[in-house]
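Now for the letters of each chain:
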Amino acid sequence: MTSIDICVDVQNAFTRGPLAPKGAGSLCRRIADRLERSETFVVFTVDDHTEKIGKYEKEQYGEHCNKYTDLMIDKIVEGAAKKKAIVTKSTFTPDKGKLFEAMWRGGKGLPETINVYGLLTDVCVLNIALMLRNELPNTEIVVIEDLCLGSSLKKHNEAISILESNSVKIGRCFVKKE
């Protein structure tokens, strides 16, 4: 079975900057642990608002996700990936052509399974997983819940529910402690 990972927006703005949810540091360590143990090809998506940022976003969060401040992928996570590609995006979802090209090259064809995880569950992870579900109806799309964080726990859980109701499989990387 062929699979690839899509690691969404695990970059400085979301791991230690103005958009970082509580627990982002430990999430990075969990993602790095997965990547260190895996030979799976990873496509990193990176938010880049260098050219355009909406007025609302700028008022709410200030300058973020631009090449002058925090476009870099968290070093802990990037260093753990053995095979990778980086796709930048200026909105909630990357250009489909760029994303599919990176997946195709890295996976040597269309994968049977695409694992999606990262930040933020209720924004970019949700949008990317639903776009993949829509575009690739015969591919298993899995959001790895314990490798995601939302802008809040409530919004994370709401996003997981939306994903499940749209035939996106919800998986776990680690065994839940009872």
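So, how was this worked out
Residues numbered from 1 in each chain as written. Predicted model: local features only at pLDDT ≥ 70, side-chain atom pairs only at ≥ 80, totals over all residues. Heavy atoms only, no water. Helix = DSSP H or I, 4+ residues; strand = E, 2+ residues; numbered from the N terminus. Buried < 20%, exposed > 50% of the residue type's maximum accessible area, 1.4 Å probe, protein only. Lys, Arg positive; Asp, Glu negative; His and termini not counted. Salt bridge = Lys/Arg side-chain N within 4 Å of Asp/Glu carboxyl O. Contact = heavy atoms within 4.5 Å. Expected span 1.5 Å × (residues − 1). Arc of directions from axis to C-beta. Pairing = 2+ DSSP bridges. Axes fitted to C-alpha atoms, helices over the stretch in contact; angles between N-to-C directions.

Chemist: Run through the side chain of Asp122, naming residues and quoting values.
Modeler: Within the element layout of this structure, Asp122 appears in helix α6 (residues 121–135). Although Asp122 lies buried, it forms no salt bridge, and the closest oppositely charged side chain, Lys155, sits 4.9 Å away as judged by the N-O distance. Leaving out residues up to four positions away in the same chain, Asp122 has contacts with Gly150, Ser151, Lys155 and Ala159.

Chemist: An account of helix α2 (residues 24–36) is needed here, citing residue identities and associated values.
Modeler: For an α-helix, the turn length of 3.6 residues means that residues three or four places apart are oriented alike. With 13 residues, α2 extends 18 Å from end C-alpha to end C-alpha; this agrees with the ideal 18 Å at 1.5 Å per step. Every buried residue of α2 is accounted for by Ala24, Leu27, Cys28, Ile31, Ala32, Arg34 and Leu35. Buried residues of α2 fall within an arc of 160° about the axis and therefore sit on the same side. Away from its buried face, by an angle of more than 90 degrees, α2 presents the exposed residues Arg29 and Glu36.

Chemist: Can you explain the environment of Leu136? Please cite residues and give values.
Modeler: Here Leu136 is to be found in the loop between α6 and β5 (140–149). The exposure class of Leu136 is buried, given its relative accessible area of 11%. In sequence terms Leu136 and Ile114 are 22 residues apart; their C-alpha atoms lie 9.9 Å from each other. Sequence-distant contacts of Leu136, defined by excluding residues within four places in its chain, comprise Phe100, Met103, Leu110 and Ile114.

Chemist: Talk me through the sheet that holds strand β3 (residues 84–89); I want residue IDs and the actual numbers.
Modeler: Taken in spatial order, the six strands line up as β3-β2-β1-β4-β5-β6 in an open sheet, and their pairing is parallel. With partners counted over all chains shown, the strands left at the sheet margins are β3 and β6 (169–171), one partner each. The sheet shows a mean angle of 25° between the axes of neighbouring strands, direction not considered. Pairing analysis gives five bridges linking strand β1 (residues 3–8) to strand β2 (residues 41–47), with the strands arranged parallel. Considered in β2, the bridge of Ile4 is made with Phe41.

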